[in-house]
Amino acid sequence: MKINILTLFPEFFDSFKSHSIIKRAVEKEQVEINIVNIRDFAEGKHKQCDDLPFGGGAGMVMKPEPLIKALEEHKGKVIYTSPQGVRLNQGLACELANEKEITIIAGHYEGIDERVIESSVDLEISLGDFVLTGGELPAMVISDSIIRLIPGVIKKESYENDSFYNGLLDYPHYTRPAEFNGIEVPEVLMSGHHKNIDEWRLKESLKRTYKRRPELLENRVFSKLEIKLLNQIKEELNNDI
Ligand SMILES: C[S@@+](CC[C@H](N)C(=O)[O-])C[C@H]1O[C@@H](n2cnc3c(N)ncnc32)[C@H](O)[C@@H]1O
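**As for the packing of aromatic side chains**
- Tallied over the entire structure, the rule returns two aromatic pairs.
- Look at Phe-9 and Phe-12: their rings are 6.3 Å apart centre to centre, the planes differ by 75°, and that puts the pair in the edge-to-face class.
- Judged by relative accessible area, Phe-9 falls into the partly exposed class, the value being 25%.

Right, dumping it as structure tokens:
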């Protein structure tokens, strides 16, 4: 998969590409991350990429010409990072992981000229209902959420058990030591009994989801085991009150 990121601040991405799982995925050629400096597509001595807003008001607006020129050379699904877009979630990350090439535009200042969005953007993606100074962090977040889902980048079992992948929050994790600050790891996890461990994990996932994000369960098609476990959870929680 190829991810082009169009930005006015390419240095932002130096660290992103050179650490941990992302670095490995790049080295193994599972993903190509192509950081594109929008300024390289600007005309004139000053390579101006922003200008005053028509109608007045605060801030600058990213000019359309350099962006459109950059988009002529960088194809695939075009995404604009924007607080006005659809909210990024695991389902969307999974969909995007199937693309061969995506191009992400990182906005800055007041954003990009609306005509670029109208003519060339396939999808606007938001990280949430807050405003950041620029689209570089969202571009990294979107890329990271996609790259870890590309086959072979991490183990399938690993992301399949992550929160949201199967509609539930992840279960709690523990590592050595078995006792820390007087708190012991749940006994079942040290039993070596895989069926019991799986059931404990499923129950903890259901419990967390029920307590923290009940809306995730609203349209779920429950298995028989999940119904049994959820009834136990409700009874236990009632007894706790
Ligand atoms: C200061 S913001 C512009 C916000 C814009 N004036 C608005 O209110 O919709 C500059 C850039 O940061 C990025 N950005 C800011 N908040 C974001 C968010 N929640 N999700 C995705 N991108 C965001 C966008 O690329 C945006 O063009």
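Next comes the rest of the description.
**Description of the nonpolar core**
- By size, the foremost hydrophobic cluster in this structure holds 28 residues, and its most contacted members are Ile-104, Ile-125 and Ile-147.
- Those elements that provide at least two residues to this core are strand E1 (2-7), helix H2 (20-27), helix H4 (90-96), strand E6 (101-105), strand E7 (123-126) and helix H6 (136-147).

**Topic: the pattern of salt bridges**
- This structure, assessed with the given rule, holds twelve salt bridges.
- In this structure, Lys-23 and Glu-27 form a salt bridge, with 3.9 Å as the shortest nitrogen-oxygen distance. Here Lys-23 pairs with Glu-27, and both are found in helix H2, just four residues apart, close to one helical turn.
- On the basis of relative accessibility, which here comes to 56%, the residue Glu-27 falls in the exposed class.
- Of the charged contacts in the structure, one is a salt bridge between Arg-220 and Glu-226, with a shortest N-O distance of 2.9 Å.
- Take Glu-226: its relative accessible area is 8%, and that puts it in the buried class.

**What about the sheet that holds E7?**
- Taken in spatial order, the five strands make up an open sheet running E2-E1-E6-E5-E7, and their pairing is parallel. Strand pairing shows two members of the sheet lacking a second neighbour, strand E2 (32-37) and E7, which therefore form its edges. Recorded for the sheet is a direction-independent mean angle of 30° between the axes of neighbouring strands.
- Alignment of strand E5 (residues 77-87) against E7, held across five bridges, turns out to be parallel.

Scoring rules and cut-offs
- Residues numbered from 1 in each chain as written.
- Predicted model: local features only at pLDDT ≥ 70, side-chain atom pairs only at ≥ 80, totals over all residues.
- Heavy atoms only, no water.
- Phe/Tyr/Trp six-rings, centres within 6.5 Å; stacked < 30°, edge-to-face > 60°.
- Buried < 20%, exposed > 50% of the residue type's maximum accessible area, 1.4 Å probe, protein only.
- Core = buried A, V, L, I, M, F, W, Y, C linked by side-chain atoms within 4.5 Å.
- Helix = DSSP H or I, 4+ residues; strand = E, 2+ residues; numbered from the N terminus.
- Salt bridge = Lys/Arg side-chain N within 4 Å of Asp/Glu carboxyl O.
- Pairing = 2+ DSSP bridges.
- Axes fitted to C-alpha atoms, helices over the stretch in contact; angles between N-to-C directions.

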